[in-house]
Amino acid sequence: MEPIDIVGKTKEDASLPKATMTKIIKEMLPPDVRVARDAQDLLIECCVEFINLISSESNEVCSREDKRTIAPEHVLKALDVLGFGEYIEEVYAAYEQHKLETMETVRGGKCTNRAEMTEEEALAEQQRMFAEARARMNGVANVGKQAEVDPSLEAKS
């Protein structure tokens, strides 16, 4: 029988993307070093166990503070409690960097693409999208990206 964790899922249900983990492992090593598949699998399992350990302790810290949401400070405290205090500064710096990158992505996400359009292009795109929506509402099959705005549809709106 499979070991079950506290949320009722087997350990195989909780894993990390193998391709991503392999890439991380390879980036950390010199180019002439190879890693056996068994060693890669073991490293991935270690990462999963580490995440489980930190998550569990973070939850304990959070509970002791009568909070219901684990915050970054709970994770940092958990690292300290578990004896990983020497990593707190580096983890916090990585967290701050992540926040900066996330803010840049949110600011520059879809808005960046739209900002590159001229006003006329944006208006044409909006009209095309309205025409597609009207066609779908009226039961017309697959209008496609090149849909022209039908003047008779414009008059009905």
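- Per an unreviewed UniProt entry, the protein is named Histone-fold, and its organism is Cynara cardunculus var. scolymus.
- UniProt annotates the protein under Subcellular location (unreviewed entry) with the comment "Nucleus".

1. Structural notes on the pattern of salt bridges
No. 1: Under the criterion given, the structure shown has five salt bridges.
No. 2: Glu27 is paired through a salt bridge with Lys23; the nearest N and O atoms lie 3.8 Å apart. Of the two residues, Glu27 and Lys23 both sit in helix H1 (residues 18–28), four residues apart, roughly one turn of that helix. In terms of burial, Glu27 and Lys23 fall into one category: exposed.
No. 3: Where Glu57 meets Arg64, a salt bridge forms, and the shortest distance between an N and an O atom there is 3.4 Å.
No. 4: Arg64 gets classed as exposed once you look at its relative accessible area, which sits at 55%.

2. Some remarks on unusual backbone geometry
Note: most peptide bonds trans; most residues except glycine with negative phi.
No. 1: For Asp66, which is not a glycine, the phi torsion comes out positive at approximately 55 degrees.
No. 2: In this fold, Asp66 is placed in the loop between helix H2 (37–64) and helix H3 (72–81).
No. 3: Under the relative-accessibility criterion, Asp66 is labelled exposed at 71%.

3. Structural notes on H3
No. 1: Listing the buried residues of H3 in full gives His74, Leu76, Ala78 and Leu79.
No. 2: At the C-terminal side of H3, Gly83 shows a positive phi close to 90 degrees.

4. So, the environment of Tyr92
No. 1: Residue placement: Tyr92 occurs in helix H4 (residues 88–108).
No. 2: Residue class for Tyr92 comes out partly exposed when judged on its relative accessible area of 41%.
No. 3: Separated by 16 residues in sequence, Tyr92 and Leu76 place their C-alpha atoms 7.6 Å apart.

5. A look at the confidence of the model for the protein
No. 1: Taken as a whole, the protein shows an average pLDDT of 80; of its residues, 72% reach a score of 70 or greater.
No. 2: The weakest mean pLDDT in the protein belongs to helix H5 (residues 110–115) at 46; the strongest belongs to H3 at 97.
No. 3: Here residues 152–157 scores under 50 on pLDDT; set against residues more than four positions off or in separate chains, the count is five contacts.

6. With respect to the packing of aromatic side chains
No. 1: Enumeration over the complete set of coordinates arrives at three aromatic pairs.
No. 2: Each ring, one from Phe84 and one from Tyr87, has its centre 6.3 Å from the other, and the planes form 50 degrees; the classification is tilted.
No. 3: The exposure class of Phe84 is partly exposed, given its relative accessible area of 24%.
No. 4: Owing to a relative accessible area of 40%, Tyr87 belongs among the partly exposed residues under this scheme.

7. Quick look at H2
No. 1: For H2, spanning 28 residues, the distance from its first C-alpha to its last is 41 Å, which sits close to the expected 40 Å at 1.5 Å a residue.
No. 2: Where H2 is concerned, the buried positions are Gln40, Ile44, Val48, Ile54, Glu57, Ser58, Val61 and Cys62.
No. 3: In the core, the buried residues of H2 are packed alongside H1 and H3.
No. 4: Immediately downstream of H2, the backbone of Asp66 shows phi near 55 degrees, a positive value.

8. As for the packing of H2 against H3
No. 1: At a minimum axis distance of 8 Å, the contact between H2 and H3 shows a crossing angle of 110 degrees. Taken together, H2 and H3 sit at an angle that is classed as roughly perpendicular. Residues Phe50, Ile54, Glu57, Ser58, Val61 and Cys62 of H2 lie in contact with H3, whose contacting residues are His74, Val75, Lys77, Ala78, Leu79 and Val81.

Procedures and definitions
- Residues numbered from 1 in each chain as written.
- Predicted model: local features only at pLDDT ≥ 70, side-chain atom pairs only at ≥ 80, totals over all residues.
- Heavy atoms only, no water.
- UniProt positions renumbered as here; feature names shortened; annotations may be inferred.
- Salt bridge = Lys/Arg side-chain N within 4 Å of Asp/Glu carboxyl O.
- Helix = DSSP H or I, 4+ residues; strand = E, 2+ residues; numbered from the N terminus.
- Buried < 20%, exposed > 50% of the residue type's maximum accessible area, 1.4 Å probe, protein only.
- pLDDT = per-residue confidence, 0-100.
- Contact = heavy atoms within 4.5 Å.
- Phe/Tyr/Trp six-rings, centres within 6.5 Å; stacked < 30°, edge-to-face > 60°.
- Expected span 1.5 Å × (residues − 1).
- Axes fitted to C-alpha atoms, helices over the stretch in contact; angles between N-to-C directions.
- Parallel < 35°, antiparallel > 145°, perpendicular 65-115°, else oblique.

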